[in-house]
Amino acid sequence: MQALLVFLIVAALSLLASSRSLLAPGRFPALAQLAASGLLFLIFGALLGPSVLGVLTARNLDSLRPLVALGLGTGGVLLGLNLEPRLLRLLPRPVYAAALAHAGTAFLFVALPLSVPLLLSMGLRPLVAVGAAALLGAAASLSSGHFAVLGYRNGRLERARGLGVALLTMMDDAVGLGVLALGLVLGATGNAAEGLGLLGLTLLLGVACGALLAFLTYSLKDLAEQTTVTLGMVALVGGAAAYLRLSSLLAGVACGATLALMGGRTAERVSRALSRVERPTYLVLVFLVGSHIHARDLSAWALLPAFVGLRFLGKVLGGRFAQRLTAGVLDLPPRFGYALISQGGLALCLVAEYVLLVPGSLSQRVLDVVAVGAVVNEMLAHGAFRHVLAAEARPTPTQAPPSAGDAGVAA
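Residues numbered from 1 in each chain as written. Predicted model: local features only at pLDDT ≥ 70, side-chain atom pairs only at ≥ 80, totals over all residues. Heavy atoms only, no water.

- Per an unreviewed UniProt entry, the recorded name for the protein is Sodium:proton exchanger, and the organism is Corallococcus aberystwythensis.

And the structure:
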């Protein structure tokens, strides 16, 4: 019954988010931007959750945890499928160094300072506080390249530069997933050795499911059968991991990476089948994450400005490092760091997984800070990307000044 209620609410919100008259960019630019990114569903989830209107109670959310695990597993498989081995081998080393530089700088800017108030205010064991601070840093390290993609599609950003931004923002997903694994090793059981064993079991489960999915779909030719088997196996990955108290997200990534390593038509078919349910799954997951927000946690609100401000500084400085490392290798726009402010949906997946596997007031506070921070960062990213486009529009000594009709900024 609770799942049906969630689907009905999300369906109604989808109709609202699809309204061209209500969410026209010229009329309500902020709402249109949040609807396009899916974060409007996060806000509605928070409003309908237990801490605000109470349409969904805490008991409802507990019963909907398997649905969250299924969404995390699906997202993990999609992430793993993007790990194209041939593309990764072709990338030069400065590209990897640049991705690590901009993601790692934001991670350090957030994780190190915020570990102090977490440790002092909650009286935690050092390892637990370090794991929570690492999750905050992991969420801060992630960026979304959707502004750059829109920029080069609209002709306001050079295509090579837009693709360069998108490439580096995709590669920093590995940093976030690695830190999630570290946080779970440190906090899931309280014993690092036992946590490491659980991580190994998670990856083994994902690899086994990926190999089984490749075997089952190898000889299938009917598109309906392919889609049915794919969705069933993806549900198995997330469901089995949740039942065993393992990370559905990391198991899904291992499953998708196994398919990507095998390559061929199997990976292409699985990716095509999952692309049909990617957007609805993401919106349901974002709505459920929003419904878990504790809007009345004053301590989380106190940490929010520090999280947003330190992340902004880390991204701007990390962007400068990345530009220096990729000089002559990758064409990046001026003020590259300002193109990295948007946070992306994977940050929400990281904290949702952390809450499921390490329940408690600390993980709840991490979720509150990151979820609300994602909305704030999305709004800041709109203005920050204007600086990127403004610098892009300035003529260089080797270029002729553009005509007045070519000037403009992204909506």
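### As for empty space enclosed by the protein
Piece 1. Under the counting rule described, the total for this entry stands at two cavities of 30 Å³ or more.
Piece 2. If you add up the space inside the largest cavity, you get close to 60 Å³.
Piece 3. Residue lining of the largest cavity: Val68, Leu288, Val289, His292, Ala352, Val355, Leu356 and Leu367, and that is the complete set.
Piece 4. Looking at the lining of the largest cavity, the elements with two or more residues in it are helix H16 (278–291) and helix H18 (346–357). (1 Å grid on protein atoms, 1.4 Å probe; cavity = no way out; pocket = protein on both sides within 12 Å on 5 of 7 lines; lining within 4 Å. Points joined across faces, edges and corners; volume = space filled by probe spheres on them. Helix = DSSP H or I, 4+ residues; strand = E, 2+ residues; numbered from the N terminus.)

### What to know about helix H8 (residues 126–141)
The periodicity of an α-helix, 3.6 residues per turn, causes residues three or four positions apart to be oriented the same way.
Piece 1. With 16 residues, H8 extends 22 Å from end C-alpha to end C-alpha; this agrees with the ideal 22 Å at 1.5 Å per step.
Piece 2. Summarising burial for H8: 13 of the 16 residues are buried, a large majority. (Expected span 1.5 Å × (residues − 1). Buried < 20%, exposed > 50% of the residue type's maximum accessible area, 1.4 Å probe, protein only.)

### Quick notes on the packing of helix H5 (residues 65–81) against helix H14 (residues 248–262)
Piece 1. Between H5 and H14, the shortest axis-to-axis distance is 6 Å and the interhelical angle comes to 30 degrees. Pair H5 / H14 crosses with right-handed handedness. Where H5 approaches H14, its residues Ala69, Leu72, Gly73, Gly75, Gly76, Val77, Leu79, Gly80 and Leu81 are matched on the opposing element by Ser248, Leu249, Gly252, Val253, Cys255, Gly256, Ala257, Leu259 and Ala260.
Piece 2. Grouping the constituent residues of the contact of H5 with H14 by class yields 11 nonpolar, seven polar and no charged. (Axes fitted to C-alpha atoms, helices over the stretch in contact; angles between N-to-C directions. Left-handed = near helix turned anticlockwise from the far one by under 90°. Contact = heavy atoms within 4.5 Å. Nonpolar A, V, L, I, M, F, W, Y, C, P; charged D, E, K, R; others polar.)

### What to know about the pattern of salt bridges
Piece 1. What the rule picks out here adds up to five salt bridges.
Piece 2. For Arg65, the salt bridge identified is with Asp62, shortest N-O distance 3.9 Å.
Piece 3. The exposure class of Asp62 is partly exposed, given its relative accessible area of 47%.
Piece 4. The salt bridge involving Arg365 is made with Asp297; its shortest N-O contact spans 3.4 Å. You can see Arg365 sitting in helix H19 (residues 361–393) and its partner Asp297 sitting in the loop between H16 and helix H17 (298–325), a full 68 residues away along the chain. (Salt bridge = Lys/Arg side-chain N within 4 Å of Asp/Glu carboxyl O.)

### Some remarks on the environment of Leu150
Piece 1. For Leu150, the position within the fold is in helix H9 (residues 146–153).
Piece 2. Residue classification places Leu150 among the partly exposed positions, given a relative accessible area of 42%.
Piece 3. Through-space distance from the C-alpha of Leu150 to that of Gly162 is 8.5 Å; in sequence the pair is 12 residues apart.

### Quick look at a nonpolar patch on the surface
Piece 1. Together, Ile43, Leu47, Val52, Leu53 and Val55 make up an exposed nonpolar region whose accessible area comes to about 390 Å².
Piece 2. Among the secondary structure elements, Val52 is positioned in the loop between helix H3 (39–48) and helix H4 (58–63). (Patch = residues over 30% accessible without salt bridge, like charges linked within 9 Å, V, L, I, M, F, W, Y side chains within 5 Å. Areas by Shrake-Rupley, 256 points an atom, 1.4 Å probe, with all protein chains shown as cover.)

### So, the nonpolar core
Soluble, globular proteins show a tendency: their nonpolar side chains are buried together.
Piece 1. By size, the foremost hydrophobic cluster in this structure holds 76 residues, and its most contacted members are Leu42, Leu136, Leu249, Phe307 and Leu350.
Piece 2. By residue number, the principal contributor to this core is H18, which donates 11 residues.
Piece 3. Once you skip the residues sitting within four places of it in the chain, Leu42 turns out to touch Val286, Val289, Gly290, Ile293, Leu348, Ala371 and Val375.
Piece 4. In this structure, Val95, Phe147, Val149 and Ala322 belong to the second largest nonpolar core, which totals 24 residues. (Core = buried A, V, L, I, M, F, W, Y, C linked by side-chain atoms within 4.5 Å.)

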